[in-house]
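# Structural features, examined
Chain by chain, the residues:
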Amino acid sequence: MELPDFMSYANKFSQSDFVEKISRIARRAGSKLVYAALILYYTLQSDKISKKDKAMIIGALGYMISPLDVLPDAIPIVGLTDDLAVLLYVLKKVWTEVDPEIQEKAKGKLSKWFDEDEIEEINDLFKEGE
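What this report covers is the structure whose coordinates are included nearby. (Residues numbered from 1 in each chain as written. Predicted model: local features only at pLDDT ≥ 70, side-chain atom pairs only at ≥ 80, totals over all residues. Heavy atoms only, no water.)

### Quick word on a negative patch on the surface
Together, D115, E116, D117, E120 and E121 line one region of the surface with negative charge. For E120, the position within the fold is in helix α6 (residues 116-120). (Patch = residues over 30% accessible without salt bridge, like charges linked within 9 Å, V, L, I, M, F, W, Y side chains within 5 Å. Areas by Shrake-Rupley, 256 points an atom, 1.4 Å probe, with all protein chains shown as cover. Salt bridge = Lys/Arg side-chain N within 4 Å of Asp/Glu carboxyl O. Lys, Arg positive; Asp, Glu negative; His and termini not counted. Charge placed at Lys NZ, Arg CZ, Asp CG, Glu CD. Helix = DSSP H or I, 4+ residues; strand = E, 2+ residues; numbered from the N terminus.)

### Some remarks on the environment of S31
Within the fold, S31 resides in helix α2 (residues 31-44). Residue class for S31 comes out buried when judged on its relative accessible area of 2%. Separated by 90 residues in the primary sequence, S31 and E121 place their C-alpha atoms 6.8 Å from one another. Contacts of S31, omitting those with residues within four sequence positions, involve L110, F114, E118, I119, E121 and I122. A distance of 2.7 Å separates a polar atom in the side chain of S31 from the backbone oxygen of E118. (Buried < 20%, exposed > 50% of the residue type's maximum accessible area, 1.4 Å probe, protein only. Contact = heavy atoms within 4.5 Å. Polar contact = N/O pair within 3.5 Å; in protein donor to acceptor, adjacent residues only side chain to side chain.)

### What to know about the packing of helix α1 (residues 15-29) against helix α3 (residues 51-65)
Contact geometry for α1 and α3: axes closest at 10 Å, N-to-C directions at 50 degrees. Taken together, the axes of α1 and α3 lie oblique to each other. The interaxial crossing formed by α1 with α3 has left-handed handedness. On α3, the residues that touch D17, F18, K21 and I22 of α1 are L61, M64 and I65. Tallied by class, residues from the contact of α1 with α3 come to five nonpolar, no polar and two charged. (Axes fitted to C-alpha atoms, helices over the stretch in contact; angles between N-to-C directions. Parallel < 35°, antiparallel > 145°, perpendicular 65-115°, else oblique. Left-handed = near helix turned anticlockwise from the far one by under 90°. Nonpolar A, V, L, I, M, F, W, Y, C, P; charged D, E, K, R; others polar.)

### Overview of the packing of aromatic side chains
Applying the stated rule across the entire model yields three aromatic pairs. Ring centres of Y9 and Y63 lie 4.8 Å apart, and the angle between their planes is 85 degrees; this geometry places the pair in the edge-to-face category. Linking Y9 in the segment before α1 with Y63 in helix α3, this pair joins segments that are 54 residues apart in sequence. Each member of the pair, Y9 as well as Y63, carries the same accessibility label: buried. Judged by centre distance (4.4 Å) and plane angle (15 degrees), the ring pair of F18 and Y41 falls under stacked. With F18 in helix α1 and Y41 in helix α2, the pair connects residues that are 23 residues apart, well separated along the chain. Accessibility classification places F18 together with Y41 in one group, the buried group. Grouping aromatic residues by their ring pairs yields a cluster made of F18, Y41 and Y42. The positively charged end of K105 is found above the aromatic ring belonging to Y42, 4.4 Å away from the centroid. (Phe/Tyr/Trp six-rings, centres within 6.5 Å; stacked < 30°, edge-to-face > 60°. Lys NZ or Arg CZ within 6 Å of the ring centre and 35° of its normal.)

### Quick word on the nonpolar core
F18, L33, V34, L61 and L87 are the most contacted members of the largest nonpolar core, which has 44 residues in total. Not counting residues within four places of it along the chain, the set of residues in contact with L87 comprises L33, A36, A37, L40, A60, L61 and M64. (Core = buried A, V, L, I, M, F, W, Y, C linked by side-chain atoms within 4.5 Å.)

### Some points on the pattern of salt bridges
Evaluated as defined, the whole model comprises three salt bridges. Between K32 and D124 there is a salt bridge whose closest N-O contact spans 3.4 Å. Of the two residues, K32 is situated in helix α2 and D124 in the segment after α6; the sequence distance between them amounts to 92 residues. Relative accessible area serves as the criterion here: at 13%, K32 is assigned to the buried category. By relative accessible area, which is 29% here, D124 ends up partly exposed. Between K48 and D99 there is a salt bridge whose closest N-O contact spans 3.5 Å. Remark: D99 occurs in the loop between α4 (81-94) and α5 (100-110) and K48 occurs in the loop between α2 and α3; sequence separation between them is 51 residues. On the basis of relative accessible area, K48 is assigned to the exposed category, the value being 56%.

So, in structure tokens, the structure goes:
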């Protein structure tokens, strides 16, 4: 799957829209997408990450928030596939900059929407995008 120009969606990102969207789609999206989104969201708040990486994260999260993307989110099952691909692409790019505390914070937040079996799925996070 070819990635869309997610950077053109940077203006779609806002903290309130992110929180609203992730809360609304969490169960349907699955723990991998939510975990990747949360890691990027928390990493964006870090002062240890470069402006270039922050711009990529904002573009990816803006793409996820936008209802206008390659595969509309309303399409069952496949509608969030492009969102996950974009999030995983950016997450791989910034992974070395992600603090273990951020990973734990994101994992802890998952318990709001998922049970332990579903949370276990994040252990093979990057297998989805390969």
